[in-house]
Amino acid sequence: MFVFDFRKEFYEVVQNQRVLFFVASDVDALCACKILQALFQCDHVQYTLVPVSGWQELETAFLEHKEQFRYFILINCGANVDLLDILQPDEDAVFFVCDSHRPVNVVNVYNDNQIKLLIKQDDDLEVPAYDDIFRDEDEEEEEEHSGDEHDQGLEPSGKRTRLEEEIVERTLRRRQRREWEARRRDILFDYEQYEYHGTSSAMVMFDLAWMMSKDLSDMLWWAIVGLTDQWVQDKITQMKYVTDVGILQRHVSRHNHRHEDEEHALSVDCTRISFEYEPSLRLVLYQHWSLHDSLCNTCYTAARLKLWSLHGQKRLQEFLADVGLPLKQAKQKFQSMDISLKENLLEMIEESASKFGMKDMRVQTFSIHFGFKHKFLASDVVFATLSLMESPEKDDSGMGHFIQALDSLSRSNLDKLYRGLELAKRQLRATQQTIASCLCTNLVISQGPFLYCALTEGTPDVSLFSKPASLSLLSRHLLKSFVCSTKNRRCKLLPLVMAAPLCVEQGTVTVVGIPPETDGSDRKNFFGRAFEKAAEGTNSRTLHNHFDLSVIELKAEDRSKFLDALVSLLS
């Protein structure tokens with residue numbers, strides 16, 4: 001059921017208990033986790049933290065710990081499936097679920113005792129009415145047995161009319177039941193057909209902290225990073241992003257005003273969050289890179305300028321010349337550029353960008369200053385944290401990458417954040433090189449109702465794309481670049497299915513589905529249900545282990561029959 005008073009129905013319930021919380025492996029979940037950890041430390045709440053990257057890990061961890069805990073918190077996992085069916089918990093176990101995945105499973109919505117959903121009600125949830133999808137067991141039993149009881153009580157002589165009436169009534173009830181079941185299937189299909197995302201979990205947790213007057217500047221920054229993660233990964237619409245940015249902007253103004261008169265406002269350790277009213281450039285990591293590298297490795301500019309071709313490289317040179325930016329300046333670190341150039345850089349780039357078909361070079365975002373030296377944009381932190389979490393380096397403990405990523409969000413661990421930035425640069429370079437390779441060798445092919453691209457073992461940097469978030473980001477960037485490069489109008493409106501090797505020894509691949517890249521895209525993804533149906537229809541050996549339903553693991557041998565089924569399903 002939905003929790004309406006987070007403070008009373010959630011926080012005060014767990015405040016004096018030992019709590020176990022499961023955290024999904026995404027940046028928004030990490031930010032929500034940091035906020036909740038800070039609140040728990042304020043009130044000395046005992047908790048155990050377990051990172052989970054998929055349903056199997058969640059089940060295993062729950063079985064391991066279920067005897068020791070009664071209260072469980074799930075962050076960015078659990079809302080979009082029947083949680084009780086998967087975990088089979090004891091009757092006294094209570095689950096608090098803070099998850100941005102939509103749609104919310106109807107069983108979770110209407111379970112009043114064990115499932116408590118920490119979800120903002122202003123999201124457009126459109127949950128079906130209880131009576132449309134559930135029938136009372138007493139009614140069903142009554143329908144089944146009523147006919148038999150009447151048959152036994154009837155005498156053979158003068159009650160034929162009564163018997164006929166009973167048969168008509170029973171037939172009518174059965175027809176009504178069949179109609180109700182057909183209507184229920186249609187309602188559930190419409191409700192569960194598309195996968196999408198609601199309000200960031202970090203923002204939901206920050207709202208809780210604000211309601212309790214315990215919202216620190218660090219918590220506000222984590223909420224900002226959580227929202228930016230959704231925007232960077234195209235999980236929410238531009239309208240939703242702008243709306244939530246407006247909400248956070250008011251909180252930033254309040255915090256900055258609160259600290260204006262304090263004596264320590266200029267101390268070196270002070271945290272100052274500023275909202276960029278003069279919005280930032282839509283370039284990745286440009287303040288920690290050179291402007292040239294950032295232009296080459298930002299999806300938006302690389303796709304618009306078609307940088308995978310020689311003609312595109314020439315257009316980049318023309319663009320820099322039009323801006324009036326010498327190549328020597330553009331290729332050195334941004335921090336070392338002439339101050340006179342940096343002062344008017346936004347206006348100069350924006351003016352030239354519109355001539356080259358790049359009309360959205362501005363983006364509303366936030367930045368943070370740690371003292372006087374360290375300044376980061378929210379998107380910088382997202383890329384750094386994501387790269388640390390999905391690092392290709394071997395992790396023996398299974399938790400090392402998660403802990404590194406979690407630590408990088410604290411201002412006391414800036415060395416880890418800078419390491420994450422270096423990993424992010426490597427990841428972004430590999431992404432653009434892979435996109436260039438796919439487009440130049442025509443690896444993106446039309447399968448009819450969707451585009452398909454497969455990376456093969458031996459492709460440079462293929463190991464960087466075996467993890468779900470990295471592969472999803474590559475797929476989105478590839479689709480945007482393909483839409484800019486193709487002249488086929490129909491192909492511009494198609495979604496993309498992409499596969500990358502996962503484990504060579506086991507012969508498995510990771511498959512991800514990306515919705516069409518259109519201006520009015522509502523970011524709703526239909527591939528989750530389509531993958532399930534295609535796998536069922538062909539008995540393909542798949543593993544639906546990821547919290548995002550549009551990411552699956554598939555045996556490489558079954559790939560062709562799985563794709564054939566997907567084509568016939570979506571045609």
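Quick caveat: nothing in here was measured; it's all calculated off a predicted structure. (Residues numbered from 1 in each chain as written. Predicted model: local features only at pLDDT ≥ 70, side-chain atom pairs only at ≥ 80, totals over all residues. Heavy atoms only, no water.)

Engineer: Explain the nonpolar core to me, please; I cannot follow it from the model alone.
Structural biologist: One recurring pattern in soluble globular proteins: nonpolar side chains tend to sit buried together. With 112 residues, the main nonpolar core has Phe 10, Phe 22 and Phe 95 as its most contacted residues. Per element, the largest residue contribution to this core is 11 residues, and it comes from helix H2 (residues 27-42). When near neighbours in sequence (up to four residues on either side) are disregarded, Phe 95 contacts Phe 62, Phe 72, Leu 74, Leu 83, Leu 84, Leu 87, Pro 89, Gln 114, Ile 115 and Lys 116. (Core = buried A, V, L, I, M, F, W, Y, C linked by side-chain atoms within 4.5 Å. Buried < 20%, exposed > 50% of the residue type's maximum accessible area, 1.4 Å probe, protein only. Helix = DSSP H or I, 4+ residues; strand = E, 2+ residues; numbered from the N terminus. Contact = heavy atoms within 4.5 Å.)

Engineer: Explain the confidence of the model for the protein here, please?
Structural biologist: Low pLDDT marks stretches whose predicted atomic positions should not be read closely. Taken over all residues, the pLDDT of the protein has a mean of 85, while the share at 70 or more is 90%. The element-level mean pLDDT for the protein is lowest in helix H7 (residues 137-153), coming to 51, with H2 highest at 94. Predicted confidence for residues 263-269 stays below pLDDT 50, and this span has 9 contacts to residues more than four positions away or in other chains. (pLDDT = per-residue confidence, 0-100.)

Engineer: Looking at this structure, how should I read the environment of His 65?
Structural biologist: Topologically, His 65 is positioned in helix H3 (residues 55-65). Between the C-alpha atom of His 65 and that of Lys 375, which follows or precedes it by 310 residues, the distance is 41 Å. Among all residues touching His 65, those that are not within four sequence positions of it are Leu 20 and Val 50.

Engineer: Whenever I open this one, the packing of aromatic side chains confuses me. Can you help?
Structural biologist: Any two aromatic rings considered together are summarised by their centre-to-centre distance and by the angle between their planes. Following the criterion strictly, the structure yields 20 aromatic pairs and no others. Ring geometry for Tyr 71 versus Phe 96: centroids 6.3 Å apart, planes at 20 degrees, classification stacked. You can see Tyr 71 sitting in strand S3 (residues 71-75) and its partner Phe 96 sitting in strand S4 (residues 94-98), a full 25 residues away along the chain. Taking relative accessible area as the criterion, Tyr 71 reaches 8% and is therefore assigned buried. Here Tyr 110 and Phe 134 contribute two aromatic rings whose centre-to-centre distance is 6.0 Å and whose plane-to-plane angle is 80 degrees, an arrangement assigned as edge-to-face. Highlighted residues: Tyr 110 in the loop between helix H5 (106-109) and strand S6 (115-117) and Phe 134 in the loop between helix H6 (130-133) and H7, separated in sequence by 24 residues. Look at Tyr 110 and you get partly exposed, because its relative accessible area is 28%. One aromatic cluster in this structure is built from Phe 22, Phe 62, Phe 69, Phe 72 and Phe 95. Lying across the ring of Tyr 300, Arg 282 places its NZ or CZ 4.4 Å from the centre. (Phe/Tyr/Trp six-rings, centres within 6.5 Å; stacked < 30°, edge-to-face > 60°. Lys NZ or Arg CZ within 6 Å of the ring centre and 35° of its normal.)

Engineer: Before we go on, may I ask you to explain the environment of Pro 516 in this structure?
Structural biologist: Of note, Pro 516 is situated in the loop between strand S16 (508-514) and helix H22 (527-538). On a C-alpha basis, the gap between Pro 516 and Lys 66 in space is 42 Å, while along the polypeptide they are 450 residues apart.

Engineer: Which parts of the structure should I look at to understand the sheet that holds strand S2 (residues 47-52)?
Structural biologist: Pairing between the strands of a sheet is mediated by backbone hydrogen bonds and can be parallel or antiparallel. Spatially, 5 strands are ordered S2-S1-S3-S4-S6 in an open sheet, and the strand pairing comes out parallel. Single-partner strands in this sheet number two, and they are S2 and S6. Neighbour to neighbour, the strand axes of the sheet diverge by 20 degrees on average, direction disregarded. On the sheet, H2 packs against strand S1 (19-24), S2 and S3 and is oriented at approximately 160 degrees with respect to S1. (Pairing = 2+ DSSP bridges. Axes fitted to C-alpha atoms, helices over the stretch in contact; angles between N-to-C directions.)

Engineer: For this particular structure, what's the right way to read the side chain of Glu 390?
Structural biologist: With respect to the helices and strands, Glu 390 occurs in the loop between helix H18 (378-389) and helix H19 (400-408). Buried within the structure, Glu 390 lacks any salt-bridge partner; its nearest side chain of opposite charge belongs to Lys 467, at an N-O separation of 6.3 Å. Excluding residues within four positions of it along the chain, Glu 390 makes contact with Lys 467, Pro 468, Ala 469 and Ser 470. (Lys, Arg positive; Asp, Glu negative; His and termini not counted. Salt bridge = Lys/Arg side-chain N within 4 Å of Asp/Glu carboxyl O.)

Engineer: How do you make sense of the sheet that holds strand S14 (residues 451-454) when you look at a structure like this?
Structural biologist: The 6 strands are arranged S13-S14-S15-S16-S18-S17 in an open sheet whose pairing can be described as mixed. The open sheet terminates on both sides in strands that have one partner only, identified here as strand S13 (445-446) and strand S17 (542-543). Pairing between S14 and strand S15 (residues 496-503): 4 bridges, direction parallel. Across the sheet, residue Leu 451 finds its bridge partner in S15, namely Leu 496.

Engineer: Looking at this model, I keep getting lost on the pattern of salt bridges. Mind explaining?
Structural biologist: Two side chains with opposite charge may pair up if their charged atoms get near one another. Using the criterion set out here, one finds 17 salt bridges in the structure. Asp 218 is paired through a salt bridge with Arg 411; the nearest N and O atoms lie 3.1 Å apart. Placement of Asp 218 in helix H10 (residues 217-232) and of Arg 411 in the loop between H19 and helix H20 (414-440) is noted, with a sequence separation of 193 residues between them. Its salt-bridge partner being Glu 350, residue Arg 362 comes within 2.5 Å of it at the nearest N-O pair. Here Arg 362, found in strand S10 (residues 362-363), pairs with Glu 350, found in helix H17 (residues 345-355); they are 12 residues apart in sequence, far enough to count as distant. Using a relative accessible area of 32% as the deciding quantity, one classes Arg 362 as partly exposed. On the basis of relative accessibility, which here comes to 26%, the residue Glu 350 falls in the partly exposed class. When salt bridges with common partners are traced through the structure, they connect Arg 541, Glu 557 and Asp 558 into a single cluster.

Engineer: Looking at this model, I keep getting lost on the pairing of strand S18 (residues 551-555). Mind explaining?
Structural biologist: Taken residue by residue, a regular strand's side chains alternate between the two faces of the sheet. For S18, a buried count of 4 out of 5 residues is recorded, marking the element as mostly surrounded by other parts of the structure. Relative to S18, S16 runs antiparallel, the two being bridged by 5 bridges. Paired with Val 511 across the bridge in S18 is Ile 552. Where S17 and S18 come together, 2 bridges link them in antiparallel fashion. When the sheet's bridge partners are listed, Thr 542 is paired in S18 with Leu 554.

Engineer: Honestly, the environment of Met 358 in this entry has me stumped. Any pointers?
Structural biologist: Note that Met 358 resides in the loop between H17 and S10. Given the relative accessible area of 1%, Met 358 is considered buried. Residues in contact with Met 358, not counting those within four places in the same chain, are Tyr 300, Thr 301, Arg 304, Leu 305, Phe 319 and Ala 353.

Engineer: I'm lost on the pairing of S16 in this one. Help?
Structural biologist: With 7 of 7 residues buried, S16 lies mostly within the body of the structure. In S16, alternate side chains face the same way, and those of Thr 508, Thr 510, Val 512 and Ile 514 on one face and Val 509, Val 511 and Gly 513 on the other are all buried. In the sheet, S15 pairs with S16 via 7 bridges, with the strands oriented antiparallel. Residue pairing in the sheet places Cys 503 in a bridge with Thr 508 of S16. Between S15 and S16, which follow one another and run antiparallel, lie 4 residues, and Gly 507 among them has a positive phi close to 65 degrees.

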